[in-house]
Amino acid sequence: ILRGEFSVLAKLQEMLSTAKKELMVAAPAFAKSFVEAGVSMLSRLRDSGVNVQVMVTKDFGKTVDVREVRVRDGMFGGGVIVDSKEALLFLGEDKPTLVIWSNHTGLVKFARDYFQYLWESAKNARAGNI
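Quick caveat: nothing in here was measured; it's all calculated off a predicted structure.

**Re helix 2 (residues 32–47)**
Given a rise of 1.5 Å per residue, 16 residues ought to cover 22 Å, and the 22 Å separating the end C-alpha atoms of helix 2 matches this to within 8%. The sharpest bend along helix 2 comes to roughly 50°, located at Gly-38. All buried positions along helix 2 are accounted for by Phe-34, Val-35, Gly-38, Met-41, Leu-42, Ser-43, Leu-45 and Arg-46. Where the residues of helix 2 are buried, they touch helix 1 (5–18), strand 1 (22–27), strand 2 (51–57) and strand 5 (86–91). Phi for Gly-49, located one or two positions after helix 2, is positive at around 100°.

Laid out in structure tokens, this is it:
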């Protein structure tokens, strides 16, 4: 369990720096500041060949510039999954009330499967045009 914005941002930066193949981001509106903090890294990862998938809520804004962006009406939480090895989960509706990091195989697989389920039912959006 991570407490405080500094520890969450530090873990997020650490995770993004280790991504080699795949990055999945589910970002509700309350996680916008965390995503904005990592936007330049998302672009670098995309350019280095990492498959970057970002899913946001429709009220998120126009700050994401990656190839694959999808939009959902709402999310009760969000998260970041890196290379199917670790997950950072944000739980809450208006603000993150609980932030969990895990590299537990079962939890990461569950988070990845749930992301894929939401991804399939989300609407396509052009990058930067959300």
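**Things to note about the side chain of Glu-22**
Mapped onto the elements, Glu-22 comes out in strand 1. Within the structure, the side chain of Glu-22 is placed 2.8 Å from the side chain of Arg-112, a separation counted as a polar contact. Filtering out sequence-adjacent residues up to four positions away, Glu-22 remains in contact with Val-50, Asn-51, Ile-81, Val-82, Asp-83, Ser-84 and Arg-112.

The rules we used
Residues numbered from 1 in each chain as written. Predicted model: local features only at pLDDT ≥ 70, side-chain atom pairs only at ≥ 80, totals over all residues. Heavy atoms only, no water. Helix = DSSP H or I, 4+ residues; strand = E, 2+ residues; numbered from the N terminus. Expected span 1.5 Å × (residues − 1). Bend = angle between axes of the 7 residues up to and from the residue. Buried < 20%, exposed > 50% of the residue type's maximum accessible area, 1.4 Å probe, protein only. Contact = heavy atoms within 4.5 Å. Polar contact = N/O pair within 3.5 Å; in protein donor to acceptor, adjacent residues only side chain to side chain.

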